[in-house]
Amino acid sequence: MTLKAFRAALLRFADDGAPLYDEDGLLVTGAGPQGWRSVLASGPAAGLLPQWNHVPAEHLPGRILAPGFVDMHIHYPQTDIIGAPAEGLLPWLEKYTFPHESRLSDRAVADEVAGCFLDELARNGVTTALACATSHPASVDALFTAAQQRGLRLMTGKVLQDRHSPDGVRDGTEQSLIDTEALIARWHGVGRLGYAITPRFAPTSTPAQLHGAGEIAARHPGVWIQSHVAENRGEIAWVRELFPQARSYLSVYGDAGLLRERAVYAHCIHLDDADRALMRDTGTVAAVSPTSNLFLGSGFFDYEAADRIGFRYGLASDVGGGTSFSPFLTMRAAYWVGREGATKPGLSLAPGALWWQHTAGAGRALGLGGTAGNLQPGSDADFIVLDPQATPLLARRTAQADSLDELLFAFIVLADDRAVARTVIA
Ligand code: GUN
Ligand code: ZN
């Protein structure tokens, strides 16, 4: 693999989450230990050029090299139902989501949607995603196959839903667990792909399916787990009826062995402090999905409580409950929501912190061990080229930014997919 360098302004993240910015930066990439391209060196060009001037560098004047975004929770089959109006989560699932997802039992439909989905991720600068498929194993094959062709780091899994689900998406308890094991064997750890055990949410799985999923998780500690929790009050009341013995909605998953490192729960809005401590103590993480929470009227993630108790979280689009593939829009909504709920100006809402939550912080929460989202030496060479002049207003505002905070905030507040000039996959 040839060495390749890129010279432009450079954004990266330190281990402590601090954003680092070089006006004239150099990013040197080459073969990594696992067979795909990694970052060999990154930092100020003046300091690195003496060692790396033999590597041909592509100059990108006026552009910013930045880590590819990490989307911690997204539904690829819901690409085509963004913006479907409903009173809230449960009617939205009944009326749009389940009927639409049933179409992906057809592999040809799944292939077509998977291609469109991955194009959207790339156009928006997302280079790592943990995605839900549908309950049909072929929908998983379709997405993994398409991601593999593009060399993308992607985790997905077959949705488990063996009750309270209509014909067309409902699976069978025993077969669903057999299918999950088979998909893990076929795909987990193949190149940059990873499997995620995916119970849709507690109301649509029998206790037998949840416990079966937990047993599979125990046999495969490197596999991810993804689901939804504490998103909506109607959903929570339903879980209380279905699992009267459980201390809380979250503890239904704990009782089934589904809380651990690499377990990622979307929303986590209506938790109490005992739940938050359970998240922290088990290493379970939250995928914060502000555009979805606003669109479906679910509520607000409590950043202050999360930071007080100390569990990990990162940002996610949650398309199609979420309204945009753009990480800029997700960061913008996270800022609005955090601002609304904050009792004091929270550091978690500083622009560098928001950006970290959608790059290196999300990679860390996913258990990717520093390989994603920071552009440090040794990390995967997944990066984007940002154009600060993508729109007239963005050009004016970024030209007048006096600090890194102002520059990052200008993108968070004004940018969209037009600002992503190029997405480079390792
Ligand atoms: N809860 C169960 N399924 C879903 C889903 O597809 N989207 C959202 N936002 N919440 C869910
Ligand atoms: Zn979701």
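Thresholds applied
Residues numbered from 1 in each chain as written. Chains lettered and ligands numbered in written order. Predicted model: local features only at pLDDT ≥ 70, side-chain atom pairs only at ≥ 80, totals over all residues. Heavy atoms only, no water. Buried < 20%, exposed > 50% of the residue type's maximum accessible area, 1.4 Å probe, protein only. Helix = DSSP H or I, 4+ residues; strand = E, 2+ residues; numbered from the N terminus. Pairing = 2+ DSSP bridges. Expected span 1.5 Å × (residues − 1). Contact = heavy atoms within 4.5 Å. Near = heavy atom within 4 Å. Polar contact = N/O pair within 3.5 Å; in protein donor to acceptor, adjacent residues only side chain to side chain. 1 Å grid on protein atoms, 1.4 Å probe; cavity = no way out; pocket = protein on both sides within 12 Å on 5 of 7 lines; lining within 4 Å. Sits in = over half its atoms within 2 Å of the grid points. Nonpolar A, V, L, I, M, F, W, Y, C, P; charged D, E, K, R; others polar. Core = buried A, V, L, I, M, F, W, Y, C linked by side-chain atoms within 4.5 Å. Donors = N, O, S within 2.8 Å, 3.2 Å for Na, K, Ca; no water. Tetrahedral: all angles 85-135°; square planar, octahedral: opposite > 155°, others 65-115°. Axes fitted to C-alpha atoms, helices over the stretch in contact; angles between N-to-C directions. Phe/Tyr/Trp six-rings, centres within 6.5 Å; stacked < 30°, edge-to-face > 60°. Lys NZ or Arg CZ within 6 Å of the ring centre and 35° of its normal. Points joined across faces, edges and corners; volume = space filled by probe spheres on them.

**Overview of the pairing of strand β1 (residues 4-13)**
Then comes step 1: Buried residues dominate β1, accounting for eight of its ten residues.
Then comes step 2: Connecting β1 to the next strand, strand β2 (residues 19-31), in antiparallel fashion are five residues, including G17 with a positive phi near 95°.
Then comes step 3: Sheet topology places β1 next to strand β4 (residues 57-67); five bridges connect them, and they run parallel. The residue of β4 that forms the bridge with R7 is H59.

**Side note on helix α6 (residues 207-219)**
Then comes step 1: For α6, spanning 13 residues, the distance from its first C-alpha to its last is 19 Å, which sits close to the expected 18 Å at 1.5 Å a residue.
Then comes step 2: Burial in α6 covers these residues: Q209, L210, G212, A213, G214, I216 and A217.
Then comes step 3: Packing partners of the buried residues in α6 comprise β8 (159-160), α5 (173-187), β9 (193-199), β10 (224-229) and α8 (249-255).

**Section: the site of ligand 1**
Then comes step 1: Close to ligand 1 lie H75, Q78, L89, W92, L93, R200, F201, H228, E231, H267, S292 and D318, which account for all nearby residues.
Then comes step 2: Between H267 and ligand 1, the recorded distance is 3.4 Å, taken from a side-chain N or O atom to a nitrogen atom.
Then comes step 3: Here D318 contributes a side-chain N or O atom positioned 2.9 Å from a nitrogen atom of ligand 1.
Then comes step 4: Its atoms largely coinciding with the cavity grid, ligand 1 occupies the largest cavity.
Then comes step 5: Top contributing element to the shell around ligand 1 by residue count: helix α2 (residues 89-102), with three residues.
Then comes step 6: Here the residues of the shell around ligand 1 sort into four nonpolar, five polar and three charged.

**Re the nonpolar core**
Then comes step 1: Ranked by size, the top nonpolar core spans 99 residues in total, and within it Y76, I197, Y253, F328, W355 and F411 carry the most contacts.
Then comes step 2: A total of seven residues in this core trace back to one element, the largest contributor, which is helix α3 (residues 107-123).
Then comes step 3: Membership of the second largest hydrophobic core comes to 15 residues, among which are A316, L366, L368 and A372.

**Re the coordination of the zinc ion (ligand 2)**
Then comes step 1: Around the zinc ion (ligand 2), the donor atoms from the protein are H73 (NE2), H75 (NE2), H228 (NE2) and D318 (OD), and they sit 2.0 to 2.3 Å away.
Then comes step 2: The site at the zinc ion (ligand 2) holds four donor atoms, and with the angles between them running 94 to 165°, its shape is irregular.
Then comes step 3: Positions of the donor residues of the zinc ion (ligand 2) along the chain correspond to the pattern H-x1-H-x152-H-x89-D. With H73 in strand β5 (residues 69-75) and D318 in the loop between β13 (313-315) and α12 (327-341), the pair connects residues that are 245 residues apart, well separated along the chain. Considered together, H73 and D318 belong to a single accessibility category, that of buried residues.

**Details of the sheet that holds strand β3 (residues 37-44)**
Then comes step 1: Overall, mixed pairing links the six strands, which are arranged β3-β2-β1-β4-β14-β15 in an open sheet. If you trace the sheet from one side to the other, it starts and ends with β3 and β15 (420-424), each paired once. Across the sheet, the mean angle separating the axes of adjacent strands is 40° when strand polarity is ignored.
Then comes step 2: Sheet analysis places β2 next to β3, joined by seven bridges and oriented antiparallel. Residue pairing in the sheet places A31 in a bridge with R37 of β3.
Then comes step 3: Contacting β1, β2, β4 and β14 (383-386), helix α16 (residues 404-414) runs over the sheet at an angle of about 70° to β2.

**Concerning the packing of aromatic side chains**
Then comes step 1: For the structure shown, the criterion picks out 16 aromatic pairs.
Then comes step 2: With centroids separated by 5.5 Å and ring planes inclined at 80°, the aromatic side chains of F69 and F328 adopt a geometry described as edge-to-face. Here F69, found in strand β5, pairs with F328, found in helix α12; they are 259 residues apart in sequence, far enough to count as distant. Side by side, F69 and F328 carry an identical accessibility label, which is buried.
Then comes step 3: Following the ring pairs from residue to residue traces out a cluster consisting of F69, F328, W355 and F411.
Then comes step 4: The ring of W224 carries R262 above its face, with NZ or CZ at 3.9 Å from the centroid.

**A short note on the side chain of D387**
Then comes step 1: In this fold, D387 is placed in the loop between β14 and α15 (392-399).
Then comes step 2: Taking relative accessible area as the criterion, D387 reaches 14% and is therefore assigned buried.
Then comes step 3: For D387, the residues in contact, after removing those within four places along its chain, are R63, L394, F411, A419 and A421.

**Here we look at empty space enclosed by the protein**
Then comes step 1: Within this structure, the stated rule accounts for two cavities of 30 Å³ or more.
Then comes step 2: In this structure, the largest cavity occupies an estimated 110 Å³ of space.
Then comes step 3: Surrounding the largest cavity, 14 residues form its lining, L89, W92, L93, H228 and E231 being those nearest its centre.
Then comes step 4: Looking at the second largest cavity, its volume works out to about 30 Å³.

In short, geometric facts, not functional conclusions.
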